[in-house]
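Residue strings, one per chain:
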Amino acid sequence: MSTEATIPTGTIEEVEGVTPDALREQMLKGLPSKTLRKRAKQIVPNDPETPPEIGANSRTIPGIITQRGCTYAGCRGVVIGPIHDILHITHGPVGCGYYSWMTRRNLARVPEGQTNYMQYCMTTDMQEDHIVFGGEKRLAEAIREAYRLFKPKAISVYATCPVGLIGDDIHSVCRQAKEELGINVFGFSCEGYKGVSQSAGHHIANNGVFKHMIGLDDTPNDAKYKINILGEYNIGGDAWAIDELLKKCGITILATLSGGVSYDEIINCHQADLNVVMCHRSINYMAEMMETKFGIPWFKVNFIGADSTAKSLRKIAKYFDDKELMDRVEEVIAAELAVLRPIQAEIKAKHQGKKAAIFVGGSRAHHYQDLFGDIGIETVSAGYEFAHRDDYEGRDVLPNIKIDADSRNIEELDVEPDETRFRPRISPEAKQKLIDAGFAFSDYLGMMREMKKRALVIDDISHHELEHLIKTWKPDIIGSGIKDKFIIEKMGVPCKQLHSYDYGGPYASFAGAINFYKEIDRMLSTKVWSYVVPPWVKDRKAAAPEAPAEEQKAA
Amino acid sequence: MSTEATIPTGTIEEVEGVTPDALREQMLKGLPSKTLRKRAKQIVPNDPETPPEIGANSRTIPGIITQRGCTYAGCRGVVIGPIHDILHITHGPVGCGYYSWMTRRNLARVPEGQTNYMQYCMTTDMQEDHIVFGGEKRLAEAIREAYRLFKPKAISVYATCPVGLIGDDIHSVCRQAKEELGINVFGFSCEGYKGVSQSAGHHIANNGVFKHMIGLDDTPNDAKYKINILGEYNIGGDAWAIDELLKKCGITILATLSGGVSYDEIINCHQADLNVVMCHRSINYMAEMMETKFGIPWFKVNFIGADSTAKSLRKIAKYFDDKELMDRVEEVIAAELAVLRPIQAEIKAKHQGKKAAIFVGGSRAHHYQDLFGDIGIETVSAGYEFAHRDDYEGRDVLPNIKIDADSRNIEELDVEPDETRFRPRISPEAKQKLIDAGFAFSDYLGMMREMKKRALVIDDISHHELEHLIKTWKPDIIGSGIKDKFIIEKMGVPCKQLHSYDYGGPYASFAGAINFYKEIDRMLSTKVWSYVVPPWVKDRKAAAPEAPAEEQKAA
Amino acid sequence: MIEEFSLAEEPQSRDLSHCTAATRNACKLCTPLGACLVFRGIQGAIPFLHGSQGCSTYIRRYLISHFREPMDIAASNFNEDSAVFGGAKNLHAGLKNVSRQYKPAMIGVATTCLSETIGEDMAALLLDCRRAIPDLPPVVHVSTASYRGSHIDGFHDAVTALIDQLVLPPDPHGGVNLLPGMLSTADLRHLRELVEAFGLPVTMLPDYSDTLDGPTWMDYEALPEGGTSVEAIRRMSGARATLEFGDTLRFTRRTAATNLAERFGVVRENLGTPIGLRATEAMIQALERISGRPCPTAITAERGRLLDSMVDAHKVVFGKRAVVYGEADLVIGLTSFLCEIGVEPVLCASGGKSEHFPTALRVAVPELPSTCVVRDNMDFVDIDAVGKELKPDILIGNSKGYGMARALDIPLVRAGFPIHDRLGGQRVLHVGYRGAQQFYDQIVNTFLARKQEKSTVGYSYL
Amino acid sequence: MIEEFSLAEEPQSRDLSHCTAATRNACKLCTPLGACLVFRGIQGAIPFLHGSQGCSTYIRRYLISHFREPMDIAASNFNEDSAVFGGAKNLHAGLKNVSRQYKPAMIGVATTCLSETIGEDMAALLLDCRRAIPDLPPVVHVSTASYRGSHIDGFHDAVTALIDQLVLPPDPHGGVNLLPGMLSTADLRHLRELVEAFGLPVTMLPDYSDTLDGPTWMDYEALPEGGTSVEAIRRMSGARATLEFGDTLRFTRRTAATNLAERFGVVRENLGTPIGLRATEAMIQALERISGRPCPTAITAERGRLLDSMVDAHKVVFGKRAVVYGEADLVIGLTSFLCEIGVEPVLCASGGKSEHFPTALRVAVPELPSTCVVRDNMDFVDIDAVGKELKPDILIGNSKGYGMARALDIPLVRAGFPIHDRLGGQRVLHVGYRGAQQFYDQIVNTFLARKQEKSTVGYSYL
């Protein structure tokens, strides 16, 4: 293991007078035994030195309401959807297409005169007769129509639940269309019932991008420091913010997978010297496959938070081992921090010591701890929605993860070094030198190594658990998604959406961090929560204290 | 008398089964005897051949609600207000200034970089100590402030009721300011209690414009057919519409008094070859004085209505007695009518035979009859708000009008031909030739000569009379002003505001006529009136007919 | 703040209006969404999807973006095994967990395309569950394969299922049943108020006016308060009459109201959704008839003020051209109102397949010009392509028309579902005189504001 | 359609903020206007100006442009003779004609600067008239020289005059008096509803909610229906309490409520105009106290929904900077609400001279940042000059701020009087939770709409 992690010192003994173990027990109390056994593995007090095993990426229990999405959502919604010049066709009944129509805020700037296909939600809108007699003809016709209307460079097809069940062969339809139309057409078997969450969709999408796009265009690119950003989806313009920052440093991004990115950039991005990974969960497959096939090394970065951003920039500069670049990076960091630090300090002074909890995504629950930490807010509890054990415990745990049925049925591509195009981007010696200096290649240390001891790590948190967390530990702010935002706020706690950013952002890079500080300052400064109970109710309560709320409910 | 009038044929025998005389009796019934005597003179069935005497321009009866305004309104609001580069200062308590702040829709285009003073309502906002100790110092200071802020070419000061009572000498303040500041500064003693209506204010304003502006700039103008439009206030852009039309004909307007006009245009407008008068009431003084002093002839025109517009254009062309101009005018008329006639015909077909009533202003109640007539709508009753007998009966009645106290106290300027600048614009022979051919110079034939026999002419109509008119004669549409608009519409009759045009317009010239036809078509086509009584009330009424409304009220 | 994807206008040459296989930017959502919405309107109920978790997540996401309220939907969380071997085990576990965790008064089970495609025998499965789970509350099941119909069908089918599966033999009472259709929370509150103003107790089904538009909690609530009680639904057989809103329902559909009429003889009063004068008038007259009471003065006064404002401002709206889109019955109501105020609808579009839509619209709004295009099964690309040829002055419908409004530089007045780009989308009042007043004011003021803003010189009075 | 005068922006160099003698674009109207408005709120009453007809015409014109309703004001129609020799004859004739023609239940006589300047002895003149005109109804007189105070003073003085001149010795009853101040017709209706929700009969003075916001007539009405009856005013001495709205009234003014308290011992409850949470809360608590009843659930539910929406959208409004202008007590109410929702008022301006305005504002809204400029006696040129330096994001006030809003390219949310460039200006609801909800929605949606429109790429979700 690399020594890169800065293991936090200190232990969360108790919050609001309640120890993490006591809170965990509250949460687990009264569950049916089978559920209890399962959840007990998913609620874990942390140990940053030796991360405990967590029961991540296990099936959601029927009837327990989850924030998780499906395989289709992970594939079409998250990974491929942001590519604005691929025309996306959802093969299925109307819902899936509609629901994935611009509901994630991955932004794109489209060159003048081009059409932004993200505005379009094309679906075969299957009807009963397609279910009964098969939908392949309908799909083929839809592809033809799409081509006739838009003449796109590429068309991508997504299978929804019924498609798999009735046995439509979308891949053969795509192959035929590709031949017929002379453009790239490919399909994804990302039926919603596959896998335990959207995570399965990420994997399927990675496979498809790798098979159908990566490496198609070998045009050389002679920029000096060429990298790809993997696992950055340009929510609220994050990718643009990172892009701008790297540009200042003289680093060129060939492609951001997948945010604000075009088809042409993707098919040429194997020309890069380095892949840096933001969201490990959704894209690690791609990083690995590109390294194997083309010899592009990868490592993990984090541009969320001022210190993390500085650290990530320095790591990239170190990788290229170029004095000029390293100096430039230091200049940029110094200039950015000169603006940021006073704002950070002012806001930190107001909120130092407040507590956050973050339950979201497959990397944001980790990344945003740094950003909250910048302004003195400690994350006392966190968990992912769809991550795997390695995202919690670090990639060194990978060999120990049992392959279950849900993972097994997702194709693992058999990737070999490309005969002509494999080229190590860094000499083995240089690489080893970096590793010896503690540089972590192809690694992710996981969230747990950066959280305090006894902080409560909760995978796929349920409403029930959230309720206990809020009532007992009283976090000052929670980072989550739209589906629990309103529950959290109904309970009087401000909730920052870390999927859609509440239609704000960007929060990446230094400029984004300043945005975020101000946003959190606003949320923690509003008086609205203090108004919730009307004064006459307060008066009455003061006059005659009521029975606790729960008893009332029971009555 | 000129033979210019086209005396209408036919008689209004009865409307909705009620004769004009019977309706008149209804209106007069039950009035106290003194009031009855007065009103009886103001409600007159028409005779176009020999217009009957009407009791116009007589004092409004206390307690009878009138639509009339005051002298200040006529002077500052109507005549001088539209001059956009004079800075207007109302000397008085706050109300009068506020109420005259952009409440008339006289439009102005202001050259780039200049300030439109019509946006500003400056007032001395007199306080109690100014009433007690006099407001002259306050006024002087306000003028200085205004100059400091805006550096206008001219400042105009208006006296309101208390100013006259406390004896502030605004004219001497203005004279001193003129000297001190080196710009034109002049005042108007237009206190609201003077005269019987705003009409007094028009006269005072005309005197002031003549004394303080007309003739100040003798720069020659070598345009070919130079005229002024008098009595056109550019409500809703009417003046611009006329301007555009005359431009097409090759006729140049030096100044429009007062609409969309600048100070510089006014001080040079005595260079014109002709004055044509739209609103006789408000501006005849000016036409007369300019003729006396400079030798500019004037005659009456009307650009409201397609036929009236054509007639007016021809009259102007005839005056200039120039073949080229006459041909050009005919071409323009032909081209405009080619567009207008089909629209007119279509709308006329829908509304032919409907009835209008018009109670407004001092000329519009006359002019708009032509426009309604264009689409087959007959005006069965009309009257002015503030006109004099000559506006009803024609100027030939002028010698017979008794000068009463209210008229006497308004200054009559003693105007003489200007020694150096008097110049007849047309030879006496040419003029006589035109007159012999029926051309009416310096004349206005009045509204009555153009209304049908027995049409009911009502001066300064009261609510009570309006109620009877609506209930008995059931006009399809009424032209009026904002103060009775809502009463009329509460009673279920559409009302077209002919002061503000309901924020529409222009209605002058051919293009304006088309606007108006469409507007009236819209008003008569809306279904809204049919919804007024809820169906369940209709049902109940059908089931058990109620007592007439009046009896109900009495009960 | 960084901005989103550009809304580049379509190149003119592209003919976007002749697609048959692909739906582009649908103007409809899927059937289970409608059913979930209905189940959320039952007191203490929890909606439950028999299918994969993704459907629940997507539907919740969408309903939340409109209502800005918690919206829990449980699911049986199919995985690949269940897709192959059937979801019995998952259904059982799911119902058990939901019962235990939420102690719901009812569970509303809607099937997804997944369970529908594999042909789950829901009646049998639910019977098994009832036997096996002792404390299982009433479970109502509705079949909502999204390859059959759209969200509005899911909505109506869920209402019918509730009545079909819950109502007990009649025990006559003086109340009325109200089946409002898919309306806003403000609509539901106002309808209740209107019916009660005639002294009539009312069972409104569904009623999500509180559950999806509730206050911030003073204390924790596992299930939001409010909704139609199961008990009240059981007693709907004893009502005086059923008021059912929806012109399209009048035609052939077997509706919840016909169910009550056929099984229990409850009088069915099918009315248009009370949007605008005419349809509100019809409702008021029905209420007068049923209650035997005259229309209360307060309502007549609201009507009077509405009419008065219509007199004041008809010049602003008269002759303007409108495109209206959304659920068929909503479009009919809005179209009727637009005709009343002198706005000319030029395109009335519904996204769902609704064979009765054109007929119902023409019957409800006989004065609609024959030139007006009335079409079901349209997507937004169709609406855009057809609509822009008709040179509209205004769009009226849900937030999904924003792109078109922007491209045409005309205003969008938001109505229907979903409205996610304004605050209070769930509280838009469409019905009654008060709703008409709000729409009227909004339409007029939208035109006035544009006139004022676009004027190069600025109007001070309007 | 041809457009109006250009709203050219002021050259930057001009210092417009140091005028003392000239008022430029006043932010106040004249005293008799306020009195006429009050008299229009009395059942069967007719306002009557003792002065020249022009005042009546101008005031009618202005009130009509806001209310879009008939507004008859009679006058004694001074001419030059009366100006010199006194208006006794005109007053006599005018009152006689009005009595005869309208058969009013009351005549409200307000003096103009003209009759005030010549020093008419109104008491004596009216006594003469009463002797000479047998069927003269009650006549109430208020002195309203517009060189003393502004329209809001005329308003309060007229209310005081009504109470002073009409109220009879007490005959105790269970009702309350409500002196709302100068509010909209929707405000008056809502206030009545709120008070009645606590089971309290209420005499609201004035009440022009019907007279100035009535339906189109089914039959002719010489005087519009509605208003506070003279009989009810006479009995105000017997009420349990007088609720008087207006923070500035709390200080030194001799008010209508102190009149009732001093003469008849009716408890005076001075409260802030119930705009926003805090002031509405105070009103609710006062109503609980007076009635002994708890706040009805329907009101609590409205409050809850308001709070819920404030939670939803605080991100949109928080930290925005506002300029608020208008009548002092309206500005105080709006400022209080803005502070509650996290908008920062940067300039609070009142047009009238109101020495208590800054104090009353600071007391009512203690959290108002000390940097906020609070100033009375401002005209719109001052507001513009001071306001634009403060870089506001929004203006809140009457239509007269439009030019400034346009020049700064920021939205104007219309409140107060006059509103003549939108439909429904007279129906803007300012008070109660419902009013706060409407304002909140409007402010939020105004910002959302601008964000959406100004975005070069177009937001679909917000």
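Residues numbered from 1 in each chain as written. Chains lettered and ligands numbered in written order. Predicted model: local features only at pLDDT ≥ 70, side-chain atom pairs only at ≥ 80, totals over all residues. Heavy atoms only, no water.

## Focus: the overall build of chain C
Cut-off, in case you're wondering: Helical segments are the DSSP runs of H or I of at least four residues, strand segments are the runs of E of at least two, and each set is numbered from the N terminus. Throughout, the radius of gyration refers to the C-alpha atoms, and the reference size of a globule is 2.2 Å times the residue count to the power 0.38. Think of it in three bands: with a 1.4 Å probe and only protein chains considered, a residue is buried below 20% of the maximum accessible area for its type, exposed above 50%, and partly exposed in between. In what follows, residue pairs with any heavy atoms lying within 4.5 Å of each other are defined as contacts. The charge count treats Lys and Arg as positive and Asp and Glu as negative. His and the chain ends do not count. A single reference atom marks each charge: NZ on Lys, CZ on Arg, CG on Asp, CD on Glu.
Helices and strands together make up the secondary structure of chain C, namely 17 helices and 14 strands. Relative to the globule expectation of 23 Å for 462 residues, the C-alpha radius of gyration of chain C, 23 Å, shows essentially globular dimensions. With the C-alpha coordinates of chain C rotated into their principal frame, the extents come out at 75 × 55 × 45 Å. Of all 462 residues assigned to chain C, the portion counted as buried reaches 72%. Across chain C, every contact between residues at least 6 apart in sequence was considered, and the portion connecting residues at least 24 apart equals 74%. Here chain C holds 46 positive side-chain charges and 53 negative ones, and the gap between their average locations is 0 Å.

## Details of the domain arrangement of chain A
All names here are of chain A. To keep it simple, the criterion reads: Each domain span listed reflects an automatic or database assignment of domains. The term buried area denotes the loss of accessible surface (1.4 Å probe radius) that occurs when two parts are joined, taken as the sum for both partners. For this analysis, a salt bridge means a side-chain nitrogen from Lys or Arg found within 4 Å of a carboxyl oxygen belonging to Asp or Glu. Here a polar contact is taken to be a pair of N or O atoms separated by no more than 3.5 Å, where protein atoms must pair a possible hydrogen donor with a possible acceptor and residues adjacent in sequence count only if both atoms sit in side chains. Side-chain classes are defined by residue name, with Ala, Val, Leu, Ile, Met, Phe, Trp, Tyr, Cys and Pro counting as nonpolar, Asp, Glu, Lys and Arg as charged, and the others, Gly among them, as polar.
Taken domain by domain, chain A holds domain 1 (1-64 + 352-408 + 449-503) and domain 2 (71-213). Taken together, the contacts link 11 residues of domain 1 with 7 residues of domain 2. Buried surface at the junction of domain 1 and domain 2, summed over both partners, amounts to about 780 Å²; 52% is from carbon and sulfur atoms. The largest contributions to the domain 1 side of the interface with domain 2 come from Phe386, Asp406 and Tyr503, which together make up 51% of the buried area. Along the contact surface separating domain 1 from domain 2 lie 0 salt bridges. Where domain 1 touches domain 2, the interface holds 3 residue pairs in polar contact (both at pLDDT 80 or more). Partitioned by chemical class, the residues of the side of domain 1 that touches domain 2 number 3 nonpolar, 5 polar and 3 charged.

## Topic: the domain arrangement of chain C
All names here are of chain C. When its domains are assigned, chain C resolves into domain 1 (31-166), domain 2 (176-213 + 222-291) and domain 3 (313-453). Placing a centre on the C-alpha atoms of domain 1 and another on those of domain 3 gives a separation of 33 Å. With 10 residues of domain 1 at the contact, the number on the domain 3 side is 12 residues. Surface buried jointly by domain 1 and domain 3 totals about 990 Å² across both partners, of which 58% is contributed by carbon and sulfur atoms. Looking at the side of domain 1 facing domain 3, the largest losses of area belong to Tyr62, His66 and Arg68, adding up to 56% of the total buried there. Counting every contact that joins domain 1 to domain 3 gives 0 salt bridges.

## Considering the sheet that holds strand 4 (residues 154-159) of chain A
We count it as follows: When DSSP finds two or more bridges between a pair of strands, those strands are recorded as paired. What counts as an axis is a line fitted to C-alpha atoms, over the stretch in contact for a helix, and the angles between N-to-C directions run from 0 to 180 degrees.
Here 5 strands make up an open sheet; going across it, the order is 5(A)-4(A)-2(A)-3(A)-1(C) and the pairing mixed. Strand pairing shows two members of the sheet lacking a second neighbour, strand 5 (184-188) of chain A together with strand 1 (23-24) of chain C, which therefore form its edges. Where helix 3 (residues 71-80) of chain A meets the sheet, its contacts fall on strand 2 (86-91), strand 4 and strand 5 of chain A, and the angle it forms with strand 4 of chain A comes to roughly 155°.

## Concerning helix 4 (residues 88-102) of chain C
Every α-helical turn comprises 3.6 residues, leaving residues that sit three or four positions apart pointing alike. Residue and element names in this part refer to chain C. Heads up, the condition is: For a helix, the expected span equals 1.5 Å multiplied by the residue count minus one.
Taking 1.5 Å per residue as the helical rise, helix 4 with its 15 residues ought to reach 21 Å, and the 21 Å between its terminal C-alpha atoms agrees with that figure. Among all positions of helix 4, only Asn90, Leu91, Gly94, Leu95, Asn97, Val98, Ser99 and Tyr102 are buried. Note on helix 4: the residue one or two positions beyond its end, Lys103, has a positive phi of about 45°.

## Here we look at the relation of the copies chain C and chain D
Definition in use: To line up the copies, we fit them by least squares on C-alpha atoms, keeping just the residues with pLDDT of at least 70 in both.
Least-squares fitting of chain C to chain D yields an RMSD of 0.0 Å, with the transformation described by 0.0 Å of translation along the axis and a rotation of 180°. Taken together, the rotation angle and the small translation identify this as a two-fold axis. Take the interface residues of chain C: 100% of them recur as interface residues in chain D, which is what a same-surface contact looks like.

## Re the interface of chain C and chain D
Of the residues lining the interface, 54 residues belong to chain C; the matching set on chain D comes to 54 residues. Of the roughly 4,700 Å² buried between chain C and chain D, counting both surfaces, carbon and sulfur atoms make up 45%. Linking chain C to chain D there are 2 salt bridges. With its nearest N and O atoms 2.6 Å apart, the salt bridge here joins Arg427(D) to Asp441(C). Counting residues per element, the ones that place at least two in the side of chain C that touches chain D are helix 2 (53-67), helix 12 (297-317), helix 16 (402-408) and helix 17 (432-454) of chain C. Looking at the side of chain C that touches chain D, the element that brings in the most residues is helix 17 of chain C, giving 11 residues. By residue class, the composition of the side of chain C that touches chain D is 19 nonpolar, 14 polar and 21 charged.

## So, the interface of chain A and chain C
Contacts between the two partners involve 88 residues from chain A, matched on the other side by 82 residues from chain C. For the pair chain A and chain C, the summed buried surface comes to about 7,500 Å²; carbon and sulfur atoms form 59% of the total. For chain A, the biggest contributors to the area lost against chain C are Tyr98(A), Tyr99(A) and Lys490(A); these three give 12% of the whole. Viewed at the interface, chain C and chain A are joined by 4 salt bridges. With a shortest N-O distance of 3.2 Å, Asp81(C) and Arg59(A) are connected by a salt bridge. Scanning the region where chain A abuts chain C turns up 27 residue pairs in polar contact (both at pLDDT 80 or more).

## Re the UniProt feature "domain: Nitrogenase/oxidoreductase component" (unreviewed entry) in chain A
Just so we agree on the cut-off: UniProt positions are given in the numbering used here, feature names are shortened, and annotations may be inferred rather than shown by experiment.
Cross-referencing UniProt, the feature "domain: Nitrogenase/oxidoreductase component" (unreviewed entry) maps to residues 70-524 of chain A in the present numbering. Note that residues 70-524 of chain A is 47% helix and 13% strand, and that its end C-alpha atoms are spaced 33 Å apart.

## What to know about the packing of helix 14 (residues 323-351) of chain B against helix 21 (residues 509-525) of chain B
Residues and elements named next belong to chain B. We apply this condition: Note on angle classes: values under 35 degrees are labelled roughly parallel, values over 145 roughly antiparallel, values of 65 to 115 roughly perpendicular, and the remainder oblique.
Taken N-terminus to C-terminus, the directions of helix 14 and helix 21 make an angle of 10°; their axes are 9 Å apart at the nearest point. By the angle between their axes, helix 14 is roughly parallel relative to helix 21. For the pair helix 14 and helix 21, the contacting residues are Ile333, Glu336, Leu337, Val339, Leu340, Ile343, Gln344, Ile347, Lys350 and His351 in the first and Phe510, Ala511, Ala513, Ile514, Tyr517, Lys518, Asp521, Leu524 and Ser525 in the second.

## A look at the nonpolar core
To be explicit about the condition: Here, nonpolar core refers to any group of buried Ala, Val, Leu, Ile, Met, Phe, Trp, Tyr and Cys residues whose side-chain atoms link them within 4.5 Å.
With 300 residues, the main nonpolar core has Ile227(A), Phe303(A), Leu63(C) and Ile383(C) as its most contacted residues. Ranked by size, the runner-up nonpolar core spans 299 residues in total, among them Tyr99(B), Trp101(B), Tyr402(D) and Ala436(D).

## Remarks on the environment of Arg24(A)
Residue and element names in this part refer to chain A. Inspection of the secondary structure assignment puts Arg24 in helix 1 (residues 20-28). Judged by its relative accessible area of 22%, Arg24 falls in the partly exposed class. Arg24 has contacts with Ala40, Ile43, Val44, Pro45 and Leu456, leaving out every residue within four places of it along the chain.

## Details of the environment of Cys495(A)
Residues and elements named next belong to chain A. Tracing the chain through its elements places Cys495 in strand 14 (residues 495-497). In this structure Cys495 comes out as buried when scored by relative accessible area, which is 0%. For the pair Cys495 and Lys433, spaced 62 residues apart in sequence, the C-alpha separation works out to 44 Å. Cys495 has contacts with Ile478, Ser480, Lys485, Ile488, Glu489, Asp502 and Met523, leaving out every residue within four places of it along the chain.

## Some words on the side chain of His130(B)
Locating His130(B) in the fold gives a position in helix 5 (residues 128-133). If sequence neighbours within four positions are ignored, His130(B) has contacts with Gly135(B), Arg138(B) and Ile166(B).

## Looking at the sheet that holds strand 10 (residues 355-359) of chain A
Strand pairing within a sheet occurs via backbone hydrogen bonds; the two strands may be parallel or antiparallel. Residue and element names in this part refer to chain A. The sheet built from 6 strands is open, its strands ordered 1-12-11-10-13-14 with mixed pairing. Since the sheet does not close on itself, it has two edges, and those belong to strand 1 (43-45) and strand 14, each with one partner. Each neighbouring strand pair of the sheet contributes to a mean axis angle of 20°, computed without reference to strand direction. Where helix 19 (residues 463-473) meets the sheet, its contacts fall on strand 1, strand 10, strand 11 (378-383), strand 12 (456-458) and strand 13 (477-480), and the angle it forms with strand 10 comes to roughly 175°. In the packing of helix 21 (residues 509-525) onto the sheet, contacts are made with strand 13 and strand 14, and the angle to strand 14 comes to roughly 150°.

## Quick notes on unusual backbone geometry
With omega at -5°, the peptide bond leading from Gly505(A) into Pro506(A) counts as cis. Within the secondary structure layout, Pro506(A) lies in the loop between strand 14 and helix 21. Following Leu205(C), the chain continues into Pro206(C) via a peptide bond in cis, with omega recorded as -5°. Of note in the backbone geometry, Lys474(B) takes a positive phi value of approximately 45° without being a glycine. Given a relative accessible area of 45%, Lys474(B) falls into the partly exposed group.

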